[in-house]
Amino acid sequence: MNLSTHPLQCHMVWFSQDLNNHICSKLLVLSFSDRLDQFPNTMSEWANMASSTDTEGRDLSPVDFIQLQQYMEYSSTRVKDVMREFHAGGRLVQHRFGERINAVGFSLFLKTYLEVEDFPADFSQRLFHYFQNAERDSTMNSPPPKGGGVFLRDVSCYFSVLEEGQPQDKLEFTFKLYDKDGNGLLDSSEVDRIITQMMRAADYLGWDVTELRPVLKDMMTAIDADGSETVTLEEWVKGGMNNVPLLVLLGLKKTERDGQHIWRMKHFNKPTYCYVCQNMLLGLGKQGLCCTFCKYTVHGRCANKNPDPCVHTFVKTPKLIGVRAHDWISSDCDSSKCQLCHKKIKTLAGKQCVWCHQMRHEDCVPLGSSACDCGSLRDHILPPWAIYSASKVGGPSCPDDTNLRDITPDGHLLQIVPVPDIHPLLVFVNPKSGGNQGKRVLRKFQYLLNPRQVYNLSNGGPSPGLHFFRNLHDYRILVCGGDGTVGWILDAIDRADLPVRPPVAVLPLGTGNDLARCLRWGGGYDGSDLSEILKEIEGSLLVHMDRWSVQVIPDNPQDVGDLVPFEIINNYFSIGVDASIAHRFHSMREKHPQKFKSRVKNKLWYFEFATSETISASCKKLKDCLTIECSGMLLDLSSLSLEGIAVVNIPSMHGGSNLWGEPKKADRQNVSEEKLYEVITDPEALKMSSQDFSDRRLEVVGLEGAMEMGQIYTGLKSAGRRLAQASQITIKTHKALPMQIDGEPWMQPPCTIHISHKNQANMLMAAPAKSSSFFHLK
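Residues numbered from 1 in each chain as written. Predicted model: local features only at pLDDT ≥ 70, side-chain atom pairs only at ≥ 80, totals over all residues. Heavy atoms only, no water.

Enquirer: Whenever I open this one, the overall build of the protein confuses me. Can you help?
Expert: Looking only at helices and strands, the protein features 23 helices and 29 strands. Classification of the 778 residues of the protein by burial places 51% in the buried group. A separation of at least 24 residues holds for 71% of the contacts in the protein among residues at least 6 apart in sequence. Summing over all exposed atoms, the protein offers an accessible surface of approximately 37000 Å²; the carbon and sulfur share of this is 52%. (Helix = DSSP H or I, 4+ residues; strand = E, 2+ residues; numbered from the N terminus. Buried < 20%, exposed > 50% of the residue type's maximum accessible area, 1.4 Å probe, protein only. Contact = heavy atoms within 4.5 Å. Areas by Shrake-Rupley, 256 points an atom, 1.4 Å probe, with all protein chains shown as cover.)

Enquirer: Quick question: what am I supposed to make of the sheet that holds strand β1 (residues 96–97) here?
Expert: Pairing between the strands of a sheet is mediated by backbone hydrogen bonds and can be parallel or antiparallel. Ordered in space as β1-β2-β3, the three strands form an open sheet in which the pairing is antiparallel. Edge positions in the sheet fall to β1 and β3 (150–151), since each has one partner strand and no second. Bridge count for β1 against strand β2 (residues 100–101) is two bridges, and the pairing is antiparallel. Across the sheet, residue R96 finds its bridge partner in β2, namely I101. (Pairing = 2+ DSSP bridges.)

Enquirer: What am I meant to see in the sheet that holds strand β7 (residues 287–291) here?
Expert: Pairing in this open sheet of three strands is antiparallel, and the strands run β6-β7-β8 from one edge to the other. Edge positions in the sheet fall to β6 (263–267) and β8 (297–298), since each has one partner strand and no second.

Enquirer: It is not clear to me how the pairing of strand β10 (residues 350–353) should be interpreted in this structure. Could you clarify?
Expert: Regular strands show a simple pattern: their side chains alternate between the two faces of the sheet. The alternating pattern of β10 places G350 and Q352 and K351 and C353 on opposite faces, both of which are buried. Here strand β9 (residues 328–330) runs beside β10; their pairing, made up of three bridges, is antiparallel. Bridge pairing links S330 to K351 in β10. The loop that links β10 with its antiparallel partner strand β11 (residues 359–361) comprises five residues; one of these, H357, has a positive phi angle of about 60°.

Enquirer: What exactly am I supposed to notice about the packing of aromatic side chains here?
Expert: How two aromatic rings sit relative to each other is given by the distance of their centres and the angle of their planes. Inspection of the entire model under this criterion finds 20 aromatic pairs. Measuring from centroid to centroid gives 6.4 Å for F131 and F159, while their planes differ by 40°, and the two rings are tilted. In this pair, F131 is assigned in helix α7 (residues 121–138) and F159 in helix α8 (residues 152–162), connecting sequence segments 28 residues apart. No difference in accessibility class separates F131 from F159, as the two residues are buried. On the numbers, 6.5 Å between centres and 50° between planes, the contact of F573 with W746 is tilted. Here W746 lies in strand β28 (residues 744–748) and F573 lies in strand β20 (residues 572–576), a separation of 173 residues in the sequence. (Phe/Tyr/Trp six-rings, centres within 6.5 Å; stacked < 30°, edge-to-face > 60°.)

Enquirer: Would you explain unusual backbone geometry in this entry?
Expert: Trans peptide bonds make up most of the peptide bonds, and negative phi angles are found at most residues other than glycine. Here L348, not a glycine, exhibits a phi torsion of approximately 65°, which is positive. One non-glycine residue, S631, adopts positive backbone phi at about 50°. Mapped onto the secondary structure, S631 falls in the loop between β21 (626–630) and β22 (633–634). Since its relative accessible area comes to 32%, S631 is described here as partly exposed.

Enquirer: I keep staring at the confidence of the model for the protein and nothing clicks. Help me out?
Expert: Predicted coordinates in regions of low pLDDT should not be interpreted in detail. Residues of the protein with pLDDT of at least 70 account for 80%, and the chain-wide mean is 81. Here residues 1–58 is modelled with pLDDT under 50, and outside its nearest four sequence neighbours on either side it reaches 54 contacts, counting other chains as well. Within the model, pLDDT remains below 50 along residues 772–778, and this stretch shows 19 contacts once partners closer than five positions in the same chain are excluded. (pLDDT = per-residue confidence, 0-100.)

Enquirer: What should I look at first to understand the side chain of Q197 in this one?
Expert: Among the structural elements, Q197 can be located in helix α10 (residues 188–204). Taking the relative accessible area as the measure of exposure, Q197 reaches 1% and is therefore buried. In contact with Q197, other than residues within four places in its own chain, are F131, D154, C157, Y158 and Y178.

Enquirer: Explain the nonpolar core to me, please; I cannot follow it from the model alone.
Expert: Across soluble globular proteins, you tend to see nonpolar side chains buried next to one another. One finds F159, W236, F445, I477 and M763 to be the most contacted residues of the largest nonpolar core, which totals 150 residues. At eight residues, α10 tops the list of elements feeding residues into this core. The residues contacting F159, other than those within four sequence positions of it, are L68, M72, V79, F109, L110, Y113 and F131. By size, the runner-up hydrophobic cluster in this structure holds 31 residues, among which are V550, L622, C630 and I755. (Core = buried A, V, L, I, M, F, W, Y, C linked by side-chain atoms within 4.5 Å.)

Enquirer: Whenever I open this one, the pairing of strand β23 (residues 644–648) confuses me. Can you help?
Expert: The element β23 is largely enclosed, with a buried count of five among its five residues. A two-sided burial pattern is seen for β23, the buried positions comprising G644, A646 and V648 on one face and I645 and V647 on the other. Pairing geometry for β20 and β23, over five bridges, is antiparallel. Residue pairing across strands places Y572 opposite V648, the latter belonging to β23. Pairing analysis gives five bridges linking β23 to strand β24 (residues 698–703), with the strands arranged antiparallel. The residue of β24 that forms the bridge with V647 is V700.

Enquirer: Got a minute to help me understand the packing of helix α9 (residues 167–178) against helix α12 (residues 233–241) in this structure?
Expert: Helix packing geometry: the angle between the two helix axes and the distance between the axes. The N-to-C vectors of α9 and α12 enclose an angle of 145°; their axes lie 10 Å apart at closest approach. In this structure, the crossing between α9 and α12 has a hand that is right-handed. Contacts between α9 and α12 involve P167, Q168, L171, E172, T174, F175 and K176 from the former and L233, W236, V237, G240 and M241 from the latter. Split by residue class, the contact of α9 with α12 holds seven nonpolar, three polar and two charged. (Axes fitted to C-alpha atoms, helices over the stretch in contact; angles between N-to-C directions. Left-handed = near helix turned anticlockwise from the far one by under 90°. Nonpolar A, V, L, I, M, F, W, Y, C, P; charged D, E, K, R; others polar.)

Shown next as structure tokens:
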């Protein structure tokens, strides 16, 4: 992008030259630092992207496919729901002609499925031509049928492979999709059409289809054992569920039994061997299947050949509780030395313990001690000998009040036995935070720790993990996500009514992360070694953070406003200019989610909305629109020209801005405990008052406009206008105003807002960063 010709510049011509240069330099630094990890790695990748506009609709470019996946991430509609609209009685049935849909019907399919009313017409046309050309290729370049269009079943099958869901459900759906007469049988040509769509999806997902094709062919040969060239639903599902590469393609994400691998397709950038056939991974990109839990690696074709079992995450009998045993897995020890005989380990000749990561020659494994100490991460790991199967569901010893959240898919009721002298880490990961960062962090923690202690928040939220750990009295929680994810976990802890409230650390993903900044965990995860971050958690300090209840009471219950996003304030509450900018940003992102998939774009959009807000000043004369009462004392705003009011709990807002600023002198040691709970409105006293998120007080700050916010963010101004410190705040508004809580904005009709202290959360604060560290950067 050429910033000199960007429309933002023409909005900013009236900025002072110094401010404009300062902001632009800041923006460029942030843009490049956030974007480096998203650049193509090789010249061939650049060439592929550059040539993507020359495909003339015959193939989807990699950029097209990435954009399509981004649309799908924001949609909750399923393919089967869209299919109903094209059948009798559906609102799109007029666009179906026999088994086909025309270009208009295809465009409406996309808009309905992706939940985007203004889906780009040129993109829709490229996708339509892709399906037309793909069909023509599969029929030996025969001319298109009369009337044109594309097969609705082929389109639906393609998208069903890509969407989220369980493999068995996808197998059943695709079967019924092509079973036109409903007789429960598919002939070989219909099965071929299903496999063709799967192969096309696999191709764009980066699979080596030359290896996948024979695997699927072998599956079909095994299914059709009687040579009838027909397949029943039962045969199709059974064959698919026993085919590992197909399950990975269809999105298998959880195990059915302990010791089962969780495979993912991976490209290796160095020589890598298959642990089953012991041959090197060859072909384009050295592609193979790698287990997320133990990093066991195989060819796709070898995954069906009974590889060694994966890590065992619990013991199945009480006799093994407390037995600290190694769990050895075949591993590429990379010429490391055996920790028993101290000789180098050759390729494919070594084993590694998944818990302590000790390496030995395969012949040395039985010679050394079998006791495992879980290595350098022993304080965080919940070892398998601390989790046992209390009973088998349906067995005589299974209690009637069994909680289904603690039962494995194969029926084991799991319980945890406390382990002395360790602090097991309960990890919650929001995979949608930070683009693909969340997914990568999830996989890394599943490898470093026991997978039983790492929870994907997309699968049932935090309740299963909190319930599983509830009987432990000395454990920690790590939340991997943004401030909204942290608030979600803190609310869940409140609702869970735990006997002990565990302290919470934060691994910040994405942008903003004001709470993580205040707790010294940084403004965003930079991809550094997670083992080092776990060590930082060991040395962290326990602090108590105030949390506040907010009650919004509309003056007229009949007034239609947006839904108030939260009832709890962890970070801040604001009215006026900053909430207006956030609301515009939020509304645009809801309407066009595909435009907000990178940090750079998000910051540019935010910058543009801030610029337009500076020009329009939509919240000027805010003092005439509201009154503020702090612990019974009415604030006098008559002499102030404000466009925004912020009520802050922590010293960071909007990605690092400290609106309260630093006190003029450190007077906290001379302030009595009683005085901390009094309201302070005297300007001279406020100048010397510092901010503390554990003092049961909120800070009230006035903002003069978007220009002042930019000055505070860039460091040209130290803070906003200090108005008060108080333990209770009541705000009455007389007109509809934009508001936000912890970054979530809404438009609110006239109302009364009551803010009062709720409780304190136990949080973990990182030790001060050393000058040489690069992790805790803003």
